[in-house]
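# Geometric and topological summary
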Amino acid sequence: MIKVDELLYEFELRINQLDRQDNQNIFLENKLIHLNNAQISWVKSKLNPNNIYKIGYEGMRKRIDDLQVLKVNNKKLTLRLGDNKKYLNYEASLDIEDYMFYEASFAEASTEGCNNTISVNLIKEGQVDTLYYNDNYSPSYFWMETIATIGNNTLYVYRTEDFSIDNVYLTYLRKPKKIDKEGYVNFDGTDSVNQDCELPEYAKSDILDIAVGYAAMATDNQLQAQFAKLREQNNE
C-alpha cells in the first residue's frame, strides 16, 4: 500500500526538480490521471516480456510477488451453451467490472452421473482446428482436460458429446483500484474520495518515474521525460 499523499508530494518534488514554472501548475485531477496511468503501465510491464529482461509475469518469482495483490481466485463465471456450428462449446462471460488479465481457469464437468473438475488449457484461436481433433489435446473427460479460447469478452470452453460442462471458474488479475484524493468532482458528477495505491510499497519509485514521464511529455519537457524513462529502466 502506498499513501496517496506520499505519491502526490513526491510527484511534486520530481516534476519540479528542473524548476520549470509550467510544471508547478498541474491540477490535482491531472496529477491523479498521470499516477493512475502510471500504475496501469507498471502492472502491464510485469505481465508482458517488454522489459529489458524480456521476462513476462511468471518468468520469475519476483514478478508473481509484484502482482499477487491483484490476483482473484476461482471466480464463478456465468455459463451458457455456445452456438458454434463447428465445435461443441460453452460460453463464459468475462464481463467483470474489475477484470484486467486472464491467468487460469478450470471447469466442473459431468458424464453419465459422474462429476469431476477438469483443467482448461487456453489456446490461440488458430489452433482450434488442429487441437480439437487431436487425440493428445482434444477435450476429454477421461483425461480431465479441455481447451478454451478468448474473444469478444468471452471465454469459449470446448467439449465433446461425451460430457457436459456445468461450471467454469476463473483466476484473473484485476485492475488496481483508482488512486484518488478528496478535493475535486469526477466527470460523472461524484465527489472524489481518498484512495491509496494498493500496489506494493517498493513500486512507488517506479510509479512516480512513469507518472513524471507522462507529465513531462504533457508539458513538453522532453529532457525530464528522458530522465524519467531512464530511471524506470534502471529500476527494472
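See the structure shown above.
Predicted model, so just to flag it, every value in this text is computed and none were measured.

### Some points on the side chain of asparagine 186
- Position of asparagine 186 relative to the elements: it lies in the loop between strand E8 (164–174) and helix H5 (204–218).
- A relative accessible area of 15% places asparagine 186 in the buried class.
- Beyond its immediate sequence surroundings of up to four residues, asparagine 186 is in contact with Lys178, Asp191 and Ser192.

### Structural notes on the sheet that holds strand E2 (residues 79–81)
- On the basis of which strands lie adjacent, the open sheet formed by eight strands has the order E1-E8-E4-E5-E6-E7-E3-E2 and mixed pairing. Two strands lie at the open edges of the sheet, namely strand E1 (71–76) and E2, each paired on one side alone. With strand direction ignored, the average angle separating the axes of adjacent strands in the sheet is 30 degrees.
- When strand E5 (residues 114–122) meets strand E6 (residues 145–151), the two strands line up parallel, connected through four bridges. Looking at the pairing, serine 119 lines up with glutamate 145 of E6.
- In the packing of helix H2 (residues 28–47) onto the sheet, the strands contacted are strand E4 (99–111) and E8, and the crossing angle to E4 comes to about 55 degrees.

### Here's the deal with the packing of helix H1 (residues 4–15) against H2
- Viewed as axis vectors pointing N to C, H1 and H2 meet at an angle of 100 degrees, and their least axial separation amounts to 11 Å. In terms of their interaxial angle, H1 and H2 are classed as roughly perpendicular. The segment H1 lies against H2, with Val4, Leu7, Leu8, Phe11 and Glu12 engaging Leu28, Lys31, Leu32, His34 and Leu35.
- Classifying every residue of the contact of H1 with H2 by side-chain character gives seven nonpolar, one polar and two charged.

Calculation notes
- Residues numbered from 1 in each chain as written.
- Predicted model: local features only at pLDDT ≥ 70, side-chain atom pairs only at ≥ 80, totals over all residues.
- Heavy atoms only, no water.
- Helix = DSSP H or I, 4+ residues; strand = E, 2+ residues; numbered from the N terminus.
- Buried < 20%, exposed > 50% of the residue type's maximum accessible area, 1.4 Å probe, protein only.
- Contact = heavy atoms within 4.5 Å.
- Pairing = 2+ DSSP bridges.
- Axes fitted to C-alpha atoms, helices over the stretch in contact; angles between N-to-C directions.
- Parallel < 35°, antiparallel > 145°, perpendicular 65-115°, else oblique.
- Nonpolar A, V, L, I, M, F, W, Y, C, P; charged D, E, K, R; others polar.

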